[in-house]
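# Structure at a glance
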There are 2 protein chains.
Amino acid sequence: MAKWVYAFNEGSASQRDLLGGKGANLAEMTNIGMPVPPGFTITTEACNVFLNSGRELPERMWDQVLDLLKSVEDGIGRTFGGDEKPLLLSVRSGARDSMPGMMDTILNLGLNESTVKGLAADADERFAYDCYRRLVQMYSNVVLGVPGEKFEDAIDEAKRNAGVRDDNELSADALSELAREFKRIVKKETGGDFPDDPFDQLKLAITAVFDSWNTRRAKNYRAQNHIPDNLGTAVNVQSMVFGNMGSDCATGVAFTRDPSTGEKGIFGEFLINAQGEDVVSGVRTPQPIAQMANDPLVAPAYSQLLEISDRLETHYRDMQDLEFTVQNGELFMLQTRSGKRAGRAAINIAMDMVNEGMIDQNEALLRVEPQQLDQLLHPMIDPDFEPDVLATGLPASPGAATGKIVFDADRAKAMGDEGKAVILVRIETSPEDFHGMVGAQGILTARGGMTSHAAVVARGMGKPCVAGCGALQIDYAAGTVTVEGRTLSQQDDITIDGATGRVMAGKVPTIEPDLGGNLAILLEWADVARTLGVRANADTPNDARVAREFGAGGIGLCRTEHMFFEGDRLQHMREMILATTTSERRRALDSLLEMQRQDFEGIFEAMDGYPVTIRTLDPPLHEFLPHDDAEIEQLARHIGLPVEQIKNKVESLHEANPMLGHRGCRLGISFPEITEMQARAIVQAAITCRKNGIIIFPEIMIPLVADVNELARQREVVDRVACEEFEKAGVTVEYSVGTMIELPRAALTADEIAEQADFFSFGTNDLTQTAFGLSRDDAGRFLPFYVSSGIFERDPFVTIDRKGVGALITIAAEKGKATRPDLKLGICGEHGGDPDSVEFCHQSGLDYVSCSPFRVPVARLAAAQAAIRGREESTTG
Amino acid sequence: MAKWVYAFNEGSASQRDLLGGKGANLAEMTNIGMPVPPGFTITTEACNVFLNSGRELPERMWDQVLDLLKSVEDGIGRTFGGDEKPLLLSVRSGARDSMPGMMDTILNLGLNESTVKGLAADADERFAYDCYRRLVQMYSNVVLGVPGEKFEDAIDEAKRNAGVRDDNELSADALSELAREFKRIVKKETGGDFPDDPFDQLKLAITAVFDSWNTRRAKNYRAQNHIPDNLGTAVNVQSMVFGNMGSDCATGVAFTRDPSTGEKGIFGEFLINAQGEDVVSGVRTPQPIAQMANDPLVAPAYSQLLEISDRLETHYRDMQDLEFTVQNGELFMLQTRSGKRAGRAAINIAMDMVNEGMIDQNEALLRVEPQQLDQLLHPMIDPDFEPDVLATGLPASPGAATGKIVFDADRAKAMGDEGKAVILVRIETSPEDFHGMVGAQGILTARGGMTSHAAVVARGMGKPCVAGCGALQIDYAAGTVTVEGRTLSQQDDITIDGATGRVMAGKVPTIEPDLGGNLAILLEWADVARTLGVRANADTPNDARVAREFGAGGIGLCRTEHMFFEGDRLQHMREMILATTTSERRRALDSLLEMQRQDFEGIFEAMDGYPVTIRTLDPPLHEFLPHDDAEIEQLARHIGLPVEQIKNKVESLHEANPMLGHRGCRLGISFPEITEMQARAIVQAAITCRKNGIIIFPEIMIPLVADVNELARQREVVDRVACEEFEKAGVTVEYSVGTMIELPRAALTADEIAEQADFFSFGTNDLTQTAFGLSRDDAGRFLPFYVSSGIFERDPFVTIDRKGVGALITIAAEKGKATRPDLKLGICGEHGGDPDSVEFCHQSGLDYVSCSPFRVPVARLAAAQAAIRGREESTTG
């Protein structure tokens, strides 16, 4: 016969799938002798049968409930629905994963006009009727769906009638009358009677918990948190204990260590003479838990709690989050689970536990969410400060920044140069805003997603950015930004928190990051554990230095075009684009050559001993030209060309879909002299560095290859130039030539492409865009809905889509290695800093990931975790 | 020992790869006893060894040449380099495929100051010296690279000196002196002496032919014609015969049937007393070949030619293209090959040969190039007329059209409505130009490729279109188009030929198509032979009727959005887009519902008995809104909304990459009421038709699906609406729901998608764009170079790229069928009308292709050929 219900002493912590998280831990605590009020758990399987069978309870389930209820009654000498010594029950939902979207708790089940008298006789009349009105109120709201304010209104009315101000001043009679009034409300609102039969109450509460699995809120929560829809929830039925029976009663919550700092020792709050909901609701202010020791009525229970806290932490080998109740001086444990903790605390706890001999280094590495490191590497909003939040956008690049609002890049740069703190606020950014982003403390945009220009560039710089904050109405002409009816101008300060997406008015105090201590040790351990290389995307010598500080083992992507946007260079770039003959173009390129060479020398120096992957020019040329009339006129004057000619050029370079246009290697094939210049700058810089004793491994990467022939032609140019330069210098430097795999066709023909490539670097941004046919610049109109409604499991620009993009990576890796077994494989898209994607890269046998410098620690830890999990699976599997 | 050289009697017609086309046929003719001047062929393998070894002749090749030369000498009693009865040789290149990019012919090898005297003694002094000066002239030009005009100048000088006007008035002495002068020119131009040694002449000529395989022209020709670079060319060395030794000599070319009409009987031209080059050069006007019968000196040779012509045609079982020479009354055959023929001729010849019992129906089907049918289905430029060609663009949609130049769509429509013939001339077209395209006879654009908007829409309508004619400078403001310095205005007539891309000034006479007769019979045979279905892409009842006339077995793609551009509908569409609430949107949609239903009824009626695949709304909404200020103001007045609001909407709908933006099913998911309206219109129309006894199979197709969840949600809407309508009407109509596979991710997750799809239709346009990361609207800047320089083997928008896009189709077909073995598979991209792509679809096991109505006959024939070839391969393989 199928078993649908487990007494607490029949289960264990390993049965989370069947009993839910709460039920499994109640069982575990019961079995190791903790003082847990007796009860039982109805399984997730019962829930699924119920939901899939048109709301029929599984056969024999109710009988099993009654059997176990009998045991509970026998154990504590009370009777459910009994007129004397009535047993009261709590019913709590408990899925495998904690789910705030679901129904939570119903207390005091078993009371009615008759049993309440038994309880009154047993304890205290006022207490009994308070329990009763609470049951009717909570049950009617949660199970029957009667709006909560109806009951609040009735309570206010009762207090007015009684001439009192506080709930707890109401007499037993008043409470009794209130319970009756509540039942009238139920009748009016639902058309039915409040169930007086305790068994009806129980059965309805259980099925209500089952049904709450499928509420819209629960579904949305699951969609957002990638929890499968078919798990179902368990239901925990437990005998009630009361923290509100007098001054020797209390209720509280505690962590076994400080969840903010990780400091060892119990940390929490309690309330004397209260029920759990009172702690949460904030009606009364709880006391720090250590104060329990000073109250002789609960001090013995506190001693026991300290001892239990230690035992539970040792038993679970992790910091615990506890709920307890003291009833008449006796301690009862109602819940234990792994405690959520801040990034800093996670690291400190893991390190301490290793030092305490509780866990080993690998376990410590698994205990810290890689994503949490991000907080630690950037300035944070002071958590003690209550900011004036204007709106929330996408958390595009972590860190907090404060400054004056500035709407244009030139002004941002100018003010930045003067040492003033500014936040660049734009509808969206383009490469022309680059210098303004450099000058600003942070970037805020009204449009664009997690991989919009602003987001990508800001992450690359390690600058805070909030993107796609749709609530902002920016009026460039007026120089104002309006949000929720409030209008701010360039006089005003604003603060952004790129870790949460919050946009706040005024200055907000921040806390500076600390990269040393336990974080540094943890990352060293991670480097030992991981097999996947971690490189950084860095475009300047400065970026390269930062990347190295964060532990990057080379540069996986140096985007040469960013070098062209700074100062004079843009001028030469524009001359190059506007050239009408190859010789004019060559002249402009010669000027750029000199600058690029210096950049590369600086980058090679910063990366002494490490490989540096340099990508040849990628973006379409129109990105380098001005688009508005004033700027075009200025350029025309500067460069000595007719305005019309520049306009015509801008017009002729216009593209319907620039993402799929004349860019990447297509430029180098149309204008081989550009590739030639870039190859020459790289090789000359390499030669100079080599002569200065710097160890360098330049890897020249050709972007947007769709066919091996494109790579072959570009490689021909690079090899020819390298040959020429080596001959001229009398020095040879080892280098390699490879390609981005960022188009589906490249992945599908990787066997051919590998014939010309020393390495592949997966450009997962563009590969995602092309595999999905989804422009990241335009996806903002529908992608958030796709993710929130579960059409897409995850945002594919944040986490690699394994089924589609991942399949292409796997195909390309296999085909590439078949042609060239020593082919080096890496990824250099935005995904390189996403822990889930890093795990995929590890599993796919890639050699390295490359990400923004500030994500390097995240990737190092994620890579270590992937390696440890992989080894665990191969040992157990 | 490797055999590098084959005497003509050692080879056969089947050895084209080794001996080249010309060599193999010379061998074949020799073996069946035709009068072929003796000679031998140096193999393509020898050429490849030579080219791959740094220009070393293969070991022993020269010895083999000398051996076979000896046999030739012995056979005809002449000696190469002999002072008496000298043997003269011709050297001709001959690759597997005819290649105009390569060196062709050198005649009269073996002459020098000494042997020329032997020839003079043998024949005639003037003839001998004429041969000599021709050798020096031709050899120096072709082998040594001396510019031809140097020799022409010298001839002019000689004629002036002799006081004569024609070459053939020059005396033997004058010609002798001319040969000496030519040799001085060679010395001056090349620094070396003209080779007097006949064996040097021969060896140099052979290596020059080998080298000509790798000239730029030859490489470009191969790239454009998809001929592999590693085939190499053979070299044919043959004893000379002379058609210029007197009035009993002649030379000519002939076809065994008329290459324009296919009429049976010899067809060709000849010249008395001339060499082959004289026929080609046009210096003298050749006579119709039948005239040979009237000249007693060559009449016997003519009789023999007639007999040989019959024998060759019977032997090769195909119409032959012959070259012959009559030397002193004796006929020699110099070449035979399959004759090129016009489309009409190809069909007639194939049908006649079946009637003559020479070939069977399947062979007849293989004898007609599917592409050639295109000419027959559209008006053609009268081939007898010499048009004034202004420029050449891309042959985007076949057919010839003449009309007044018109630059804007409204005017084109207005003039079209008045019955005037106009050509719509635009820089490029957009959906807003649709009504103008309907009104025009043809469309000419300056920008855009073979799959640009203009091209796609024109092909759909069966209207002539020349696209991407970059030579046009269109000035809308001035109302002029300038090309090569000539300026035309709206007063001028222009003619376009969409089959060749020619743009011509003025009116040009055209020939109307005839769809009956042999063409109809051939296509009936094709329908019997093929297994692949052929449907049409048709958006209106009229298109559907045309498609059916062309033999379409259903509609594979009905693009509902085209219905929205006509007349009032655009108005309602815009109201729908500008709606700010769902109810406003629904009101506008209700108006559209009525119109769509009528369209569908018309289409279903036209397709009685056949399936009709209808795609839900696909293009981004901004395509339906006006973009310039005047139009926006007009719309604002019309619709009663503030201009600003419309502008804001236009602005807010702007997309960086609309191809990858908010379109396809993404629209239907954002606005389910659009899908609902369309589903309702389809189902209501189906119910009405069913009630009227029309047999219909509506297939509702959801576009741009990347994930199964998108299809599932859209399918839910369609099924719900269908259910509602069936219930309301009390009638049920069978229908199916499927999806386009047009994104790489859809192909890669086809197993999942098939769970929700009754059919897949491969949208190969978008699949090509996304697989290559290549926007067809923007590819014009580099794609032509990619194709002409061989980076891409073919234009992937014209012929399916098998390696990339084809791989995705294969993956999707396999995965889809694994989930649902009865899954119906088709393609509906532009490739559906391309013969190579049709073959691929047949091989991939697809159920049908769908193409523009005017391409349906092409696809029917191509499908038949693919089936026949497939059966042949499986029989022989």
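The rules behind the values
- Residues numbered from 1 in each chain as written.
- Chains lettered and ligands numbered in written order.
- Predicted model: local features only at pLDDT ≥ 70, side-chain atom pairs only at ≥ 80, totals over all residues.
- Heavy atoms only, no water.
- Axes fitted to C-alpha atoms, helices over the stretch in contact; angles between N-to-C directions.
- Helix = DSSP H or I, 4+ residues; strand = E, 2+ residues; numbered from the N terminus.
- Left-handed = near helix turned anticlockwise from the far one by under 90°.
- Contact = heavy atoms within 4.5 Å.
- Nonpolar A, V, L, I, M, F, W, Y, C, P; charged D, E, K, R; others polar.
- Least-squares fit on C-alpha atoms with pLDDT ≥ 70 in both.
- Buried area = accessible area lost by both parts, 1.4 Å probe.
- Salt bridge = Lys/Arg side-chain N within 4 Å of Asp/Glu carboxyl O.
- Phe/Tyr/Trp six-rings, centres within 6.5 Å; stacked < 30°, edge-to-face > 60°.
- Buried < 20%, exposed > 50% of the residue type's maximum accessible area, 1.4 Å probe, protein only.
- Lys NZ or Arg CZ within 6 Å of the ring centre and 35° of its normal.
- Pairing = 2+ DSSP bridges.
- Right-handed = clockwise from strand over helix to strand, strands pointing away.
- Core = buried A, V, L, I, M, F, W, Y, C linked by side-chain atoms within 4.5 Å.

A few words on the packing of helix α29 (residues 764–772) of chain A against helix α31 (residues 802–819) of chain A. Two quantities define a packed helix pair, namely the angle between the axes and the distance from one axis to the other. Residue and element names in this part refer to chain A. Across the interface, α29 lies against α31 with an axial gap of 9 Å and an inter-helix angle of 120°. Along this stretch, α29 crosses α31, giving a crossing that reads as right-handed. Contacts between α29 and α31 involve T764, L767, T768, A771 and F772 from the former and V805, L808 and I809 from the latter. Taken together, the residues of the contact of α29 with α31 sort by class into 6 nonpolar, 2 polar and no charged.

All right, on to the relation of the copies chain A and chain B then. Between chain A and chain B, which share one sequence, the superposing operator has a rotation angle of 180° and an axial displacement of 0.0 Å; the RMSD is 0.2 Å. One copy is carried onto the other by what is essentially a two-fold rotation axis.

Turning next to the interface of chain A and chain B. Across the boundary between the two partners, chain A contributes 51 residues, which contact 51 residues of chain B. Approximately 4,400 Å² of surface area, both sides summed, lies buried where chain A meets chain B, with 54% of it carried by carbon and sulfur atoms. It is A:L660, A:R745 and A:R781 that lose the most area in chain A upon contact with chain B, and together they represent 15% of the buried surface on that side. Seen at the junction of chain A and chain B, the total is 8 salt bridges. Secondary structure elements with two or more residues in the side of chain A that touches chain B: α23 (643–653), α24 (665–670), α26 (708–729), α27 (744–748), α29, α30 (783–788) and α31 of chain A. Counting residues per element, the side of chain A that touches chain B draws most heavily on α31(A), at 5 residues. Here the residues of the side of chain A that touches chain B are counted per class, giving 22 nonpolar, 15 polar and 14 charged.

The next subject is the packing of aromatic side chains. Per the counting criterion, the structure on display carries 24 aromatic pairs over all chains. Taking the centre distance of 5.2 Å and the plane angle of 45° together, the rings of A:F50 and A:F210 count as tilted. Separated by 160 residues along the polypeptide, A:F50 in helix α2 (residues 44–52) and A:F210 in helix α8 (residues 198–212) bring together distant segments of the chain. A:F210 carries the same exposure label as A:F50, and that label is buried. Seen in terms of ring centroids, A:F550 and A:F854 are 4.9 Å apart; in terms of plane orientation they differ by 55°. Their pairing is tilted. Of the two residues, A:F550 is situated in the loop between α19 (541–549) and β27 (555–559) and A:F854 in the loop between β33 (848–851) and α33 (856–876); the sequence distance between them amounts to 304 residues. The ring centre of B:Y6 lies 4.8 Å from the NZ or CZ of B:K3, which sits over that ring. Here B:K203 stacks its cationic end above the ring of B:W62, 4.9 Å away from the centre of that ring.

Let us look at unusual backbone geometry. All names here are of chain A. Of note, R60 is a non-glycine position whose phi angle comes to about 70°, a positive value. In this model, E484 sits at a positive phi of 50°, which is unusual for a non-glycine residue. Following the sequence through the fold, E484 ends up in the loop between β21 (480–483) and β22 (486–489). Residue class for E484 comes out exposed when judged on its relative accessible area of 67%.

Residues and elements named next belong to chain B. Burial of strand β16 (residues 400–406) is extensive: 6 of the 7 residues sit out of reach of the surface. Pairing of β16 with strand β23 (residues 493–497), which is carried by 5 bridges, proceeds in the antiparallel orientation. Across the sheet, T402 pairs through a bridge with T495, a residue of β23. Here 3 bridges tie β16 to strand β17 (residues 422–426), and the two strands are oriented parallel to one another. Bridging across to β17, K404 finds its partner in V422. Considered for its hand, the β-α-β crossover made up of β16, helix α15 (residues 409–417) and β17 is right-handed.

Take the environment of A:D196 next. Residues and elements named next belong to chain A. Within the secondary structure, D196 sits in the loop between α7 (172–190) and α8. Once the C-alpha coordinates of D196 and G110 are considered, the two residues, 86 residues apart in sequence, prove to be 8.5 Å apart. Among all residues touching D196, those that are not within four sequence positions of it are N112, Y132, K183 and Q201.

Now for the nonpolar core. The biggest cluster of nonpolar side chains holds 316 residues, and the ones touching the most others in it are A:F604 and B:F604. Those residues in contact with A:F604, other than ones at most four positions away along the chain, are A:V612, A:I614, A:I682, A:A685, A:A686, A:C689, A:I694, A:I696 and A:P698.

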